Amino acid sequence: FPNEDVPRFLVNREKVGEMDERMREFSRLVGRGAGLNFGEDNRRDALFLGDCDAGFAELARLLGWGDELDELMRAGVEKVKSPTIDR
């Protein structure tokens, strides 16, 4: 399990992985992680509800990497469409 200071980012069509406070506390006591926490006391978990591609495109845009990601995606599509395959 990651250290409790490590940020976590869930990209999914629905919210998953949360525990209620009682189970979260129990899990911490037995050293088994505490699930995701998107509540008021959250300090490390982020959530994007939607498709994976849209979530990471938005993350790249927010980080200033949108144009670079778009170019990588275009290059990847062109490579797949190319009739020549290196072997």
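These figures come from a predicted structure and were not determined experimentally.

Q: In this structure, what is going on with the packing of aromatic side chains? I would like to understand it.
A: Given two aromatic rings, their pairing is described by the distance between the two centres and the angle made by the two planes. Throughout the structure, instances matching the rule amount to one aromatic pair. For the ring pair Phe9 and Phe56, a centre distance of 5.7 Å and an interplane angle of 80° mean the geometry is edge-to-face. Within this pair, whereas Phe9 is found in strand 1 (residues 8–12), its partner Phe56 is found in helix 2 (residues 52–62), the two being separated by 47 residues in sequence. Of the residues examined, Phe56 reaches a relative accessible area of 38% and is grouped as partly exposed.

Q: Just to check I follow, could you spell out the environment of Ala54 for this structure?
A: Mapped onto the elements, Ala54 comes out in helix 2. Overall, the relative accessible area of 39% leaves Ala54 in the partly exposed class. On a C-alpha basis, the gap between Ala54 and Val11 in space is 9.1 Å, while along the polypeptide they are 43 residues apart.

Q: Is there a simple way to explain the side chain of Asp45 in this structure?
A: Tracing the chain through its elements places Asp45 in strand 2 (residues 45–49). A polar contact is formed between the side chain of Asp45 and the side chain of Arg8, at a distance of 2.7 Å. Contact partners of Asp45, with chain neighbours within four places excluded, come to Arg8, Gly35, Leu36, Asn37 and Phe38.

Q: What's the story with a nonpolar patch on the surface in this structure? I'm lost.
A: On the surface, a nonpolar cluster with roughly 420 Å² of combined accessible area is contributed by Met23, Phe26, Leu29 and Val30. Among the secondary structure elements, Val30 is positioned in the loop between helix 1 (21–29) and strand 2.

Q: Got a minute to help me understand the confidence of the model for the protein chain in this structure?
A: Per-chain confidence: the protein chain averages 85 in pLDDT, with 90% of residues scoring 70 or above. Averaged over each element, pLDDT in the protein chain is lowest for helix 1 (75) and highest for helix 2 (94).

Q: Got a minute to help me understand the pattern of salt bridges in this structure?
A: Close approach of charged atoms lets side chains of opposite charge pair. Within the structure shown, the criterion is met by six salt bridges. Taking the shortest distance from any N to any O, the salt bridge between Asp51 and Arg13 comes out at 2.6 Å. Of this pair, Asp51 sits in the loop between strand 2 and helix 2 while Arg13 is found in the loop between strand 1 and helix 1, placing the two residues 38 residues apart along the sequence. On the accessibility criterion, Arg13 (67% relative accessible area) is exposed. Asp45 is the partner of Arg44 in a salt bridge, and the nearest nitrogen-oxygen pair spans 3.9 Å. Owing to a relative accessible area of 17%, Arg44 belongs among the buried residues under this scheme. One continuous salt-bridge network, built from bridges that share partners, spans Arg8, Arg44 and Asp45.

Parameters at a glance
- Residues numbered from 1 in each chain as written.
- Predicted model: local features only at pLDDT ≥ 70, side-chain atom pairs only at ≥ 80, totals over all residues.
- Heavy atoms only, no water.
- Phe/Tyr/Trp six-rings, centres within 6.5 Å; stacked < 30°, edge-to-face > 60°.
- Helix = DSSP H or I, 4+ residues; strand = E, 2+ residues; numbered from the N terminus.
- Buried < 20%, exposed > 50% of the residue type's maximum accessible area, 1.4 Å probe, protein only.
- Polar contact = N/O pair within 3.5 Å; in protein donor to acceptor, adjacent residues only side chain to side chain.
- Contact = heavy atoms within 4.5 Å.
- Patch = residues over 30% accessible without salt bridge, like charges linked within 9 Å, V, L, I, M, F, W, Y side chains within 5 Å.
- Areas by Shrake-Rupley, 256 points an atom, 1.4 Å probe, with all protein chains shown as cover.
- Salt bridge = Lys/Arg side-chain N within 4 Å of Asp/Glu carboxyl O.
- pLDDT = per-residue confidence, 0-100.

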